[in-house]
Amino acid sequence: MKALTFTVYGKPVAKGRPRMTKSGHVYTPQTTREYEERIRNAAMSEMGRSKILPWTEKQPLKVVIDAFFKLPKSATKKDRIDVLNHIKFPTVKADVDNIAKSILDGMNGYVYGDDAQVVDLVITKRYDCEDAFVIVTVKEVDND
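Reading the values: rules and limits
Residues numbered from 1 in each chain as written. Predicted model: local features only at pLDDT ≥ 70, side-chain atom pairs only at ≥ 80, totals over all residues. Heavy atoms only, no water. Buried < 20%, exposed > 50% of the residue type's maximum accessible area, 1.4 Å probe, protein only. Helix = DSSP H or I, 4+ residues; strand = E, 2+ residues; numbered from the N terminus. Arc of directions from axis to C-beta. Contact = heavy atoms within 4.5 Å. Expected span 1.5 Å × (residues − 1). Lys, Arg positive; Asp, Glu negative; His and termini not counted. Salt bridge = Lys/Arg side-chain N within 4 Å of Asp/Glu carboxyl O. Polar contact = N/O pair within 3.5 Å; in protein donor to acceptor, adjacent residues only side chain to side chain. Pairing = 2+ DSSP bridges.

*Asks:* Which residues make up helix α2 (residues 77–84), and what are the values?
*Replies:* Listed as buried for α2 are Asp79, Asp82 and Val83. Seen end-on, α2 carries its buried residues on one side only, within an arc spanning 100°. Pointing more than 90 degrees away from the buried face of α2 are the exposed residues Lys77, Lys78 and Leu84. On its buried face, α2 sits against β5 (118–128). In the stretch just after α2, His86 is the one whose phi turns positive, near 60°.

What follows is the structure, given as structure tokens:
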């Protein structure tokens with residue numbers, strides 16, 4: 001069973017709400033477009049490196065997203081210990097559903113035909129003491 005795992009460094013970006021110009025044209029905010037492009041590029045790079053072909057539109061998929069936020073500089077020594085012991089969690093923006101949406105949309109049409117193929121989705125938000133990043137894994141649904 002093939003699986004794709006890749007990492008994108010930088011603060012996880014939530015899917016921005018569509019905006020409208022004065023003339024009525026609807027567009028996606030630039031930060032969202034740029035983040036989706038970074039997701040797409042990282043996924044495509046790993047697919048090329050590991051020789052993974054995109055999944056067909058009929059294949060049900062599971063996506064696991066681990067979003068890591070950098071612990072603030074103002075964090076105390078106790079905060080750092082709590083992060084390492086998995087006691088302290090980021091209850092800050094961005095919301096997990098909006099993080100997932102930007103990542104799934106970034107892979108749409110490249111890693112898989114459509115994000116409707118995703119039938120299992122697991123997303124976590126955690127702190128990292130050193131950096132911010134996301135780890136994304138896409139794999140076929142197993143029959144466990």
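*Asks:* Please provide a residue-by-residue account of helix α3 (residues 96–107), values included.
*Replies:* Because each turn of an α-helix spans 3.6 residues, side chains separated by three or four positions end up pointing in the same direction. Helix length check: α3, at 12 residues, gives a terminal C-alpha distance of 17 Å against a target of 16 Å (1.5 Å per residue), a fit within 8%. Among the 12 residues that make up α3, nine are buried, leaving the element largely enclosed by the rest of the structure. Asn98, Ile99, Ala100, Ser102, Ile103, Leu104, Asp105, Gly106 and Met107 are the residues of α3 that are buried. Summarising the contacts, the buried residues of α3 are in contact with β1 (3–9), α1 (30–50), β4 (61–70), β5 and β6 (133–140).

*Asks:* Tell me about the side chain of Lys125, residues and numbers included.
*Replies:* Tracing the chain through its elements places Lys125 in strand β5. Among buried Asp, Glu, Lys and Arg side chains, Lys125 stands out as unpaired, with Asp95 the closest opposite charge at 5.5 Å. One polar contact links the side chain of Lys125 to the main-chain carbonyl oxygen of Val92, over a distance of 2.6 Å. Of note is the side chain of Lys125, whose polar atom sits 3.0 Å from the backbone oxygen of Ala94. What Lys125 contacts, discounting residues up to four positions off in sequence, is Ala67, Phe69, Phe89, Pro90, Thr91, Val92, Ala94, Val96 and Ile99.

*Asks:* Got a sec to walk through the pairing of β4? Specific residues and values, please.
*Replies:* With seven of 10 residues buried, β4 is to be regarded as a mostly interior element. With 10 bridges joining them, β4 and β5 adopt parallel strand pairing. The residue bridging Lys62 from the neighbouring strand is Asp120, located in β5. One ladder, built from eight bridges, connects β4 with β6; its direction is antiparallel. Residue pairing for β6: Asp66 is matched across the bridge by Ile135.

*Asks:* Would you mind going over unusual backbone geometry in detail, with residue names and values included?
*Replies:* A cis amide bond links Lys93 to the next residue, Ala94, at an omega of 25°. Tracing the chain through its elements places Ala94 in the loop between α2 and α3. You will see that His86, though not glycine, has its phi angle at about 60°, which is positive. Along the chain, the position of His86 falls in the loop between α2 and α3. Residue His86 is classed as exposed on the basis of its relative accessible area of 58%.

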